[in-house]
Amino acid sequence: MTYQTDNDKLYRYLFQHRAVRGEWVRLNQTFTDTLNTHQYPQVIQNLLGEMMVATSLLTATLKFKGDITVQVQGDGPLKLALVNGNDKQQIRALARLQAEVDDEMSLVQLVGNGVLVITIAPTEGERYQGVIALDKPTITECLEDYFVRSEQLQTQLFIRTGEYAGQPVAAGMLLQIMPDGSGSPQDFDHLATLTATIKEEELFGLSAEELLYRLYHEETVELFPAQPVSFFCGCSQERSGAALLLISGEELDEVLAEHNGAIDMQCECCGTHYVFNKDAINQLKVMN
């Protein structure tokens, strides 16, 4: 298997004699597509990459149909960092800054007084929202603590962001004790110790099979088929038009006059432009 084979794929795997499950994901084109329309500082790119990998791994553990949103909200220079994903492993991300940031800033310095919010919206069933204190040095550590507190499940995340073969890359692994209570904390700790030896070049450059063999060659590991991961925004002319109709007719006329008769709406996530003139807006009103 070549390096490119396992780009933008998520793999699940199971330790046959340990009652521990794992996941591995690597985001390359997905990460590049997210960053393409923005000039984020490196520290923000890294944070979004960490959050995207975490969201992908979390979605895979939940086994539901629907959407998941992971967002950081605070009063620091970083006002908002948001990742949205779904059970099809379609993912998008954006960040909003309200002050200059430095690439040496810590998470606390970026966010200030803030929280990590996880919102799960299944296609069927009740919506769930969890609020996590940002009281650890990284998003990864905050999420691990959340799993222990809320799910009572030993969980460990190993997430790295960087560059490989000239392209931005974000990748990570998740280990979790089986929720049926059959797992041993000692077994989990043993596997976590092995996983912690992972090097960035292995995480970024090896296929799933090669990576798992390097880490766990003395274990019996069952590797399940990959699930593709992709950038997907979901914006459209219709959605942008619906947002315009929330504005009063008088205000719309003023905006049209200020912008030479056309309103140009740009999607924050993918950068697509949607242009509406007076005729297009009138047509929207008729259709709605």
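Everything here concerns the structure above.
So, here is what we can say about the structure in this document. Computed from a predicted structure; not experimentally measured. (Residues numbered from 1 in each chain as written. Predicted model: local features only at pLDDT ≥ 70, side-chain atom pairs only at ≥ 80, totals over all residues. Heavy atoms only, no water.)

Attention now moves to unusual backbone geometry. If you check the backbone angles, D8 has positive phi at about 55 degrees while not being a glycine. Relative to the assigned elements, D8 resides in the segment before β1 (9-15). In this structure, A165 is a non-glycine residue whose phi angle is positive, near 55 degrees. Considering the arrangement of structural elements, one finds A165 in the loop between β8 (155-164) and β9 (167-177). (Helix = DSSP H or I, 4+ residues; strand = E, 2+ residues; numbered from the N terminus.)

A separate point is a negative patch on the surface. Taken together, the side chains of E250, E251, E254 and E258 define an acidic patch exposed on the protein surface. Tracing the backbone shows E258 in helix α9 (residues 249-258). (Patch = residues over 30% accessible without salt bridge, like charges linked within 9 Å, V, L, I, M, F, W, Y side chains within 5 Å. Areas by Shrake-Rupley, 256 points an atom, 1.4 Å probe, with all protein chains shown as cover. Salt bridge = Lys/Arg side-chain N within 4 Å of Asp/Glu carboxyl O. Lys, Arg positive; Asp, Glu negative; His and termini not counted. Charge placed at Lys NZ, Arg CZ, Asp CG, Glu CD.)

For the rest of this paragraph, the subject is the state of the cysteines. Working definition: the covalent bond between the sulfur atoms of two cysteines is a disulfide. If you walk through the whole model with that rule in mind, you get zero disulfides. In this model C267 remains outside any disulfide bridge; the closest cysteine sulfur is found in C233, 3.4 Å from its own. (Disulfide = S-S within 2.5 Å.)

What follows covers helix α8 (residues 237-244). What α8 keeps buried is the set S240, G241 and L244. One side of α8 holds all its buried residues, which, seen down the axis, span an arc of 100 degrees. Of the exposed residues in α8, those oriented more than 90 degrees away from the buried face are E238 and R239. Buried positions along α8 lie against α9, β13 (262-266), β14 (273-277) and α10 (278-287). (Buried < 20%, exposed > 50% of the residue type's maximum accessible area, 1.4 Å probe, protein only. Arc of directions from axis to C-beta. Contact = heavy atoms within 4.5 Å.)

The values reported here are purely geometric and, on their own, carry no functional implication.
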